[in-house]
Amino acid sequence: MLEQYGFVVIFFLLTAVFAVAPVVLAWILSPKKSSSRKRETYESGLRTFGKTWIEFKPQYYLYALAYVVFGVESVLLLPWAIAYVFLPFYAVVEATLFLLLLGFGLVYVWKKGWLHWM
Amino acid sequence: MGFDVSFGFEQIAFLLTAALTLAAALAMVFSRQVFHAILLMIAVFVGVATFYVLLGVSFMAGMQLFIYVGGVSVLAVIAIMVTRGFMGSDRPRPARTTYGAAIVAGSVFIGLAWLILRVPWPTVPLVAASENDLALLGQVLVSRAGFVVPFELSSLLLFVVLLGALYIARER
Amino acid sequence: MPIYLRYALNSLILLATPFVSVLILIWVARKVIARMQDRLGPNNSGTWAGPYALFQTLADAIKILTKELIIPEGADLWVFLAAPAVVLGSALLVWLVIPFGPTLQGMDPDIGIFYVVVITPFALFAMIMAGWSSRNKYAALGTFRAVAQIISYEIPQFLSLLIPIMLTGSLSLQHLVLAQQLPFALVLPIPALIYFLAMTAEVGRLPFEQAEADAEIVAGYFTEYSGMMFGSFYLAEFINNFSVSLIFATLFLGGWRGPWVMEVPLLGPVWLLLKGFLVFLVLMLFWGAMPRLRIDQILNINWKFLTPLALVMLIVVAWVNRLAFDQGATTLVARAPWLFAANLVVGLVTIGLLKLSSQRAQRRRDAQSFELLRE
C-alpha cells in the first residue's frame, strides 16, 4: 500500500505542475500591454450598461436537488451492485423495491410538472 | 488510554492532511467573500476524503466527494448565485453572532474530544476485511440479518426528500 | 531514491500521453469536421505546417502561448487564474487509472471506476469558478446551463455504469476488462447507449453543447479568457473527450482485450487506443452532424428519458441475469443471449412508448391549430 500511495502522490504533484505549466509558460512568453479598454467586461464590443446581474431561475436549484437525491441513491446502490453476483435471490427483490420507490418518486415529480424547465 | 505514536509515513500524511484541512476550514470561516468560502469548503471536503483514503476506506472517500463536492457544494453555489447575484458582497467581520457561534463550536469540540478520548475503541476489526471488502459491504447492506431495513427505509426517505424539496422549490 | 525516480518517470510518461495524443486528435477532429462540411480542413496550401498540415495543432499551440493574457477588471483574480489549472488538472487526473494493458496501468485502486466518476465535479467547479470570477453576464448564463446539464447527466451515467459493475462484481477497471469475455456493448446495448449519451453530454459535445454554444452566448463561461488560459480550457476539453472515449472503450468495448494480447502484452495499449480512437471518431461525427439542442430539451431527455430508462434497465438486468444464472448459464457468454434479448425487449417497448407519446403530442398540436383556425 505504501508504494502505491507514493506513486499516487507523485502523480498528483506532477499533474498539478502540468496543469499550471501552460498558463505560466504563456505568462512568460506573452506581451504585457495592458490598457483599460482591454480590461473591460465583454459585451460584443460595446460598453456594458446596467448592473451586471443575472436573472435566475429556481429550476437550476431544483436540478441540483434532484442530483443530490439521485446521487445518494446511486451511491447506496453501489455496494449492492458490486455484491450482486454473490447475493441470493431476495437481494434482487430488495433492490427492485429500492429502485421502484425512487422511480415512482421521479414519475411523481414529473407528472406534477416540477421538473418542467421554463 | 495508551497511544502508540510511531512516526512513520502514515503519521506524516495524517498530520499534513489535518493541518491543511484545518487551515482551509479556518480560512473558510474567516473569509470575506461567500464564494471563496464555498471553494474552501470544498477543500475541507477533499481533506476529509483524504482521511478516509488514509484509513483505507477509499469507497467512503468516493462517496464523500461524489455527494458533498458534487452535490451539496453545487447546491450551495447555486443558492449563493440566487441570493447575491454577482457582486460577491463582503461579509462584515466579525458580527455579534460570531462570538456566540465560536463559543458553541468550542464547547462542542471540547465535549466531543473528551468523549472520544474516554471511549475504549476496539482495536480489532469487528468483521475481518477480506480481499473484496466492497462486496462484503454490499452483502451486509442487503442481507436480512444485516442492514436491509435501513437500506429500504433510506430509499423511502430519499423519496420523501425528493417530493418535499421539489414541492417547496417549485415554480409557482 | 531510485524508486521515486521511477515513479516520477512513469508519471511523466503517463501525463505526456494525453498531451501528445491531443495534438494528433485535434488535427483529426478538424479534418473530420471539415470533410463532413464539404471542405478540406487544415491542408498543404498556405503556410506550410507539415504534410497534410499535421503540425497545425502544434503551430496553433505555440501561437496561443504568445498571446497576451488579459484579465478583465473586477475579476476575482485568484479564482480567475486558478480555473484553467483546475480544469486541466481534473482532465489529467483520470489518466491514473486507465488500464492500458493487463499490467500497464498507473494504479488500480479498489474504487476503480468510482474514482473516474468522482473527478467530474472538480471539472464542474472549474467551470463555476470561470463563470463566476469573470463577472460577465454572458459567462454567467453559460455557467448555469452547463452546471444544470452536467449534474443532471451524471445520474444516468452512474446508473448505467452500475450494470457492468453488477456483471463484474468489482469496481476495479482491470476486473471490468477481464470480465468481458464478450464486450459489454454487445451484451448490454441499452446501458451502453445510455452511458454513451450521458458521457457525450458530460463532455459537452454536440448535440449537448450548452457550455460553449458558439452562436448564442459568445463562448459561455470562458468568454473572458484569452490566450493560453482559453487554450487550457480547449486542451482540457479535448483531453476529456479522449479520456472519456478510452473509459467507454474499457467499460463496454473490452478495453485492452483483443486478438493475440495474451501472447504479445504490448498489443494491449494498441487495442485500447484503437477502440478509444473509434469512440472519439463517433463523438466527432456527432459534432459534425448534429444541431445543438435547447437546454430544456437537454434536461428533459435526461430526466424524462435516460434516467427512467436506466432505472428500468437496472431492474431488468438484475432479474434476467439472476434467472439466467439459476437456469444454469454460468458464464457471461452463456447469459449473453438472455441479456441481449432483454435489452431488445426494453428497447422495443421504449420505442413504442416514444411513438405513442409523440403521437399524442401531435394530436394535441393538431387540436390546438384547429382551435386557432376556427376563430
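Keep in mind that what you see is a predicted model, and the values were worked out from it rather than measured.

Some thoughts on the overall build of chain A
- Scanning chain A for helices and strands turns up 3 helices and 0 strands.
- Ordered by position from the N terminus, the helices and strands of chain A form the series α-α-α.
- Sorting the 118 residues of chain A into buried and exposed places 36% on the buried side.

Regarding the overall build of chain C
- Helix and strand content of chain C: 12 helices and 0 strands.
- What you see in chain C, going N to C, is helices and strands ordered as α-α-α-α-α-α-α-α-α-α-α-α.
- Rg of the C-alpha trace for chain C: 23 Å, near the compact-globule value of 21 Å for 375 residues, within the 12% margin.
- Judged by the C-alpha coordinates and their principal axes, chain C covers about 80 × 65 × 45 Å.
- Counting every position in chain C, which comprises 375 residues, the buried fraction comes to 52%.

A closer look at the interface of chain B and chain C
- Opposite the 15 residues of chain B that make contact, chain C presents 18 residues.
- Among the elements that take part in the side of chain B that touches chain C, helix α3 (residues 58-84) of chain B stands out by supplying 9 residues, more than any other.
- Class assignment for the residues of the side of chain B that touches chain C results in 11 nonpolar, 4 polar and no charged.

Some remarks on the domain arrangement of chain A
- Domain annotation of chain A identifies domain 1 (1-31) and domain 2 (56-118).
- A separation of 37 Å is found between the C-alpha centroids of domain 1 of chain A and domain 2 of chain A.

Re the environment of Gly 47 of chain B
All names here are of chain B.
- The topology assignment puts Gly 47 in helix α2 (residues 34-55).
- In the structure, Gly 47 is positioned 100 residues away from Phe 147 in sequence and 29 Å away in space, judged by C-alpha atoms.
- Those residues in contact with Gly 47, other than ones at most four positions away along the chain, are Thr 17, Leu 20, Thr 21 and Ala 24.

What to know about the interface of chain C and chain A
- Taken residue by residue, the interface counts 66 residues in chain C and 54 residues in chain A.
- Among the secondary structure elements, those contributing two or more residues to the side of chain C that touches chain A are α1 (2-36), α3 (77-93), α5 (137-168), α9 (227-252) and α11 (295-326) of chain C.
- It is α5 of chain C that provides the largest number of residues to the side of chain C that touches chain A, a total of 15 residues.

Side note on the environment of Val 244 of chain C
Residue and element names in this part refer to chain C.
- With respect to the secondary-structure elements, Val 244 resides in helix α9.
- Residue class for Val 244 comes out buried when judged on the 26 C-beta atoms lying within 10 Å of it.
- Each C-alpha atom of the pair Val 244 and Ile 3 lies 31 Å from the other, and the pair is 241 residues apart in sequence.
- If sequence neighbours within four positions are ignored, Val 244 has contacts with Met 199 and Val 203.

A closer look at the domain arrangement of chain C
Residue and element names in this part refer to chain C.
- You can read the domains of chain C as domain 1 (1-66) and domain 2 (72-294).
- Domain 1 and domain 2 are separated by 18 Å when their C-alpha centres are compared.
- Across the boundary between the two partners, domain 1 contributes 15 residues, which contact 16 residues of domain 2.
- The greatest single-element share of the side of domain 1 that touches domain 2, amounting to 12 residues, is contributed by α1.
- Across the side of domain 1 that touches domain 2, the residue classes tally to 12 nonpolar, 3 polar and no charged.

Structural notes on α3 of chain C
Residues and elements named next belong to chain C.
- The terminal C-alpha atoms of α3, which comprises 17 residues, lie 25 Å apart, in line with the 24 Å expected from a rise of 1.5 Å per residue.
- Along its length, α3 shows its largest kink, about 30°, at Ala 83, and proline Pro 84 lies within four residues downstream of that point.
- For α3, a buried count of 14 out of 17 residues is recorded, marking the element as mostly surrounded by other parts of the structure.

Observations concerning the nonpolar core
- Counting 182 residues, the largest nonpolar core has Ala 64 of chain A together with Ala 126, Met 129, Val 147, Leu 162, Phe 248 and Leu 314 of chain C as the members making the most contacts within it.
- Those residues in contact with Leu 162 of chain C, other than ones at most four positions away along the chain, are Leu 77, Leu 78 and Ala 81 of chain A together with Leu 314 of chain C.

Re helix α8 (residues 189-203) of chain C
All names here are of chain C.
- Between its first and last C-alpha atoms α8 spans 21 Å; for 15 residues at 1.5 Å apiece the expected length is 21 Å, and the two agree.
- In terms of residue burial, α8 counts as a mostly covered element, since 13 of its 15 residues are buried.
- Directly after α8, the chain includes Gly 204, whose backbone phi takes a positive value near 80°.

The rules we used
- Residues numbered from 1 in each chain as written.
- Chains lettered and ligands numbered in written order.
- Predicted model: local features only at pLDDT ≥ 70, side-chain atom pairs only at ≥ 80, totals over all residues.
- Helix = DSSP H or I, 4+ residues; strand = E, 2+ residues; numbered from the N terminus.
- Buried ≥ 20, exposed ≤ 12 C-beta atoms within 10 Å, placed from the backbone.
- Rg over C-alpha atoms; globule rule 2.2 N^0.38 Å.
- Contact = placed C-beta atoms within 7 Å.
- Nonpolar A, V, L, I, M, F, W, Y, C, P; charged D, E, K, R; others polar.
- Domains from an automatic or database assignment.
- Expected span 1.5 Å × (residues − 1).
- Bend = angle between axes of the 7 residues up to and from the residue.
- Core = buried A, V, L, I, M, F, W, Y, C linked by C-beta atoms within 7 Å.

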